[in-house]
Amino acid sequence: MDRGELTAMPRLFCFGLGYSAQALAEGLLGQGWQVGGTVRRGGKATLTDSRIATLAFDGTAPSEAVRAALSEASHILVSVPPEEAGCPVLSCHGADIAAEARHLKWIGYLSTIGVYGDHGGAWVDEETKPEPVTARGRRRLEAERAWTELGAQTGIPLAVFRLAGIYGPGRSSLDRLKRGEARRIIKPGQVFNRIHVGDIAAVLSASIANPPALPRIYNVCDDEPAPPQDAIIFAARLLSLAPPPEEPLATADLSPMAKSFYAENKRCRNARIKRELGVRLKYRNYRDGLTALFDGGDEGENE
């Protein structure tokens, strides 16, 4: 097979075959794409489709196998989180990706709305100045900027996706309630932003079909930021269960990670994915998403 034939075949390579990446992969496999990606060395990936080829990569050193896969990729999705030293993908394979600019048609970087920081419940959009309040958020913002610079320097179409709290099959308030792990933490005025994993895949697919001419940022969230306890109560009603008791945030025994989510309060706008990518969300709010999960019998939410 010559290079022209090779690059004509759509091939997605995912750095990090996690929940969102696999949701995208499932749809592309059904369209005849070839999909591969990385899993941590020594770890196991729970793959939804055996057609996804996996390579070991833990971000500590370049991989010759990954380098070879990049030379065949037409599209790259990055969902590996940054570390204190920066993005491990860029550190290990940034030069390889830049060298393949002639063949790559799209790079997607999965970030988080955590880069915005706390806005006291006010609305934010992609033009809002990021002011992260956590170390995680600051690392994400630095990684966004590094990927944006690579896209600008190489001319590879690059999109940054700032994801809200992800839920979907196997990861939702429904699951936590059934396991007896759901909690109803109350902080007056607090809202969370959410997105169903199916809608994440739809946004990524739309961006692949409409790659940006210049590096572009997209908020990926549903239409209705809402208090976290509202989703718990709604899920409990679906399951005909009593909701867990209210716990004031001030006295709740939470991990530092869990508490950090309540340190940020904002409402994220999603108009850009609709206007520029033509996305129509299937799950416009937590009620749509949880009802579909309940009716489908496969419940899942990371908030």
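Keep in mind that what you see is a predicted model, and the values were worked out from it rather than measured. Note on numbering: residues in each chain are counted from 1, in written sequence order. It should be noted that, the model being predicted, local features are given only for residues of pLDDT at least 70 and side-chain atom pairs only at 80 or more, the latter also being counted only at that level, while totals for whole chains, interfaces and linings use all residues. Only hydrogens and water are set aside when side-chain values are computed; all heavy atoms of the structure are taken into account.

Asks: Looking at this structure, I do not really get the overall build of the chain. What am I missing?
Replies: Think of it this way: any DSSP run of H or I at least four residues long counts as a helix, any run of E at least two long counts as a strand, and we number them from the N terminus. A count of helices and strands for the chain gives 11 helices and 13 strands. A compact globule built from 303 residues would reach a C-alpha radius of gyration of about 19 Å, and the chain, at 19 Å, matches this within 12%. With 303 residues in all, the chain has 53% of them scored as buried. Summed over all atoms, the accessible surface of the chain reaches about 13700 Å², with 50% contributed by carbon and sulfur. Positive residues here are Lys and Arg, negative ones are Asp and Glu, while His and the chain termini are left out of the count. To locate a charge, take NZ of a lysine, CZ of an arginine, CG of an aspartate or CD of a glutamate. One finds the centroid of the 37 positive side-chain charges in the chain at a distance of 2 Å from the centroid of its 37 negative side-chain charges. Note on method: radius of gyration uses C-alpha positions; expected globular size equals 2.2 Å times residues raised to 0.38. In this scheme, a residue with accessible area under 20% of its type's maximum is buried, one over 50% is exposed, and one in between is partly exposed, where area comes from a 1.4 Å probe on protein chains only. For the accessible areas, the method is Shrake-Rupley and the probe is 1.4 Å, while residue cover comes only from the protein chains on display.

Asks: I tried to follow the nonpolar core on my own but got confused; where do I start?
Replies: To define a nonpolar core, start from buried Ala, Val, Leu, Ile, Met, Phe, Trp, Tyr and Cys residues and group those joined through side-chain atoms within 4.5 Å. In terms of nonpolar packing, the biggest core is built from 39 residues, with Leu12, Leu77 and Phe161 touching the most fellow members. Contributions of two or more residues to this core are made by strand S1 (11-15), helix H2 (19-29), strand S2 (34-39), strand S5 (106-112), strand S7 (158-163), helix H7 (197-209), strand S11 (216-220) and helix H10 (271-277). Residues count as neighbours in contact if any of their non-hydrogen atoms are within 4.5 Å of one another. Discounting chain neighbours no more than four positions away, the residues touching Leu12 are Leu24, Leu28, Trp33, Gln34, Val35, Gly36, His75, Ile76 and Leu77. One finds Leu70, Ala73, Ile97 and Trp147 within the second-largest nonpolar core, a separate group that totals 24 residues.

Asks: How do you make sense of the pattern of salt bridges when you look at a structure like this?
Replies: Between side chains of opposite charge, pairing is possible as soon as their charged atoms come close. We define a salt bridge as a contact between a side-chain nitrogen of Lys or Arg and a carboxyl oxygen of Asp or Glu at a distance within 4 Å. According to the stated counting rule, one finds 14 salt bridges in the structure shown. Of the charged contacts in the structure, one is a salt bridge between Glu246 and Arg184, with a shortest N-O distance of 3.5 Å. Separated by 62 residues along the polypeptide, Glu246 in strand S12 (residues 246-248) and Arg184 in strand S9 (residues 184-186) bring together distant segments of the chain. Shared partners join several salt bridges into a network, and the residues in it are Glu127, Arg216, Arg272 and Glu276.

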